[in-house]
Amino acid sequence: MILTVNRPAVKPASPPLRPPNRLAEQITGRTYISHSQLSLMRSCPRKVAFTYVEKAPADFIPVSLIFGGSIHSALELHYRVKLEGLSVTHGALLSAYHDAWRRQKTQSGKDIPVRFNKGDNDDTLHALADRMLGAFLNSPLANPKGTIIGIEEQLTVMLDLELPDLLAKVDL
């Protein structure tokens, strides 16, 4: 007779956070700092206080942030599909761009306006994205030599015992 006992999988306990990482979590909500946070601390400590300590809402979101993030999402799709040995159409990239655009505008909330540059609006930027993605697909960058082994990798580094860990994301 065989007796089988099903037990829920137990996740191993994470090591306790170092004090600087706990402090980073209290201030930023994350147990690490990023390169952009570090750069902001060096260039404008007051903005760090506004953003992370006082949690002041942003006055606006620059459209370049939404546009860049949306293009990034489309290119990420291209390389993820390529990693699997497949290909993606211009229309699929444009769809990924539009999905990311809508998601980012929704995440920014209705109370925070998106600030456009002079002469720009949703339509002009969508047309620009269409042209950029088409140019990308026709460029050598769309078909890199060699083997793609990763798209976006994360590295966490402890620079000093008295500093929070630094997180870096490396894109293809």
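Before reading further, recall that the structure is shown in the block above.
(A) Here's a closer look at the overall build of the protein chain. A count of helices and strands for the protein chain gives 6 helices and 5 strands. Listed N to C, the secondary structure of the protein chain is α-β-α-α-β-α-α-β-α-β-β in terms of helices and strands. What you see for the protein chain is a C-alpha radius of gyration of 21 Å, clearly larger than the 16 Å of a compact globule of 172 residues, by over 25%. Considered along the principal axes of its C-alpha atoms, the protein chain spans approximately 60 × 60 × 35 Å. The proportion of buried residues among the 172 residues of the protein chain is 27%. Taking all contacts inside the protein chain whose residues are at least 6 apart in sequence as the whole, residues at least 24 apart take part in 63%. Element-wise, carbon and sulfur atoms account for 59% of the exposed surface of the protein chain, whose accessible area totals about 12,500 Å². Side chains of the protein chain carry 20 positive and 17 negative charges; the gap between the two charge centres is 1 Å.

(B) Geometry of the packing of helix α5 (residues 90-108) against helix α6 (residues 122-137). At a closest axis distance of 10 Å, the pairing of α5 and α6 adopts a crossing angle of 140°. The orientation of α5 with respect to α6, classified from their angle, is oblique. At the point where α5 passes α6, the crossing takes the right-handed sense. Mapping the contact onto sequence places His90, Leu93, Leu94, Tyr97, His98, Trp101 and Lys105 in α5 and Asp122, Leu125, His126, Ala129, Asp130, Leu133, Gly134 and Leu137 in α6.

(C) Looking closely at the pattern of salt bridges. Overall, the coordinates contain 5 salt bridges when judged by the stated rule. A salt bridge links Glu54 to Arg46; its shortest N-O distance comes to 2.8 Å. On the basis of relative accessibility, which here comes to 42%, the residue Glu54 falls in the partly exposed class. A salt bridge links Asp99 to Arg102, with the nearest nitrogen and oxygen atoms 2.7 Å apart. Highlighted residues: Asp99 and Arg102, both in helix α5, separated by 3 residues, approximately one helical turn.

(D) Summary view of the sheet that holds strand β5 (residues 165-171). Strand order in the open sheet formed by 3 strands is β1-β5-β4, with mixed pairing between adjacent strands. Looking along the sheet, the strands with just one partner apiece sit at the ends: β1 (32-34) and β4 (152-157). Here the average twist between neighbouring strands, direction ignored, is 35°. Sheet analysis places β4 next to β5, joined by 6 bridges and oriented antiparallel. Opposite Thr156, over in β5, you have Leu167 as the bridge partner. In the packing of helix α2 (residues 35-43) onto the sheet, contacts are made with β1 and β5, and the angle to β1 comes to roughly 75°.

What counts and what doesn't
Each chain has its residues counted from 1, following the order in which its sequence is written. Owing to the predicted nature of the model, reporting of local features is limited to residues with pLDDT of at least 70; listing and counting of side-chain atom pairs is limited to 80 or more, with chain, interface and lining totals taken over all residues. Values shown for side chains rest on all heavy atoms present in the structure; no hydrogens or waters enter the calculation. Going along the chain from the N terminus, every DSSP run of H or I of four or more residues is numbered as a helix, and every run of E of two or more is numbered as a strand. The atom set for the radius of gyration is the C-alpha atoms, and the globule formula is 2.2 Å times the number of residues raised to the power 0.38. Partly exposed residues are those whose accessible area sits between 20% and 50% of the maximum for their type, while under 20% is buried and over 50% is exposed, using a 1.4 Å probe and protein chains only. Contact criterion: two residues are considered in contact whenever any of their non-hydrogen atoms come within 4.5 Å of each other. All accessibility values rest on the Shrake-Rupley procedure with a 1.4 Å probe; residue burial counts only the protein chains present in the view. Residues scored as charged are limited to Lys and Arg (positive) and Asp and Glu (negative), so that His and the chain ends carry no count. Just so you know, the charge point we use is NZ for Lys, CZ for Arg, CG for Asp and CD for Glu. Axis definition: a line fitted to C-alpha atoms, limited for helices to the stretch in contact. Angles are taken between N-to-C directions and run from 0 to 180 degrees. Any angle between 65 and 115 degrees counts as roughly perpendicular, while under 35 counts as roughly parallel, over 145 as roughly antiparallel, and the rest as oblique. Crossing handedness is defined as follows: a turn of the near helix away from the far one that is anticlockwise and smaller than a right angle gives a left-handed crossing, while the clockwise case is right-handed. Within this document, salt bridges are pairs made up of a side-chain nitrogen of Lys or Arg and a carboxyl oxygen of Asp or Glu, the two lying within 4 Å of each other. Pairing between two strands is assigned when DSSP locates at least 2 bridges connecting them.

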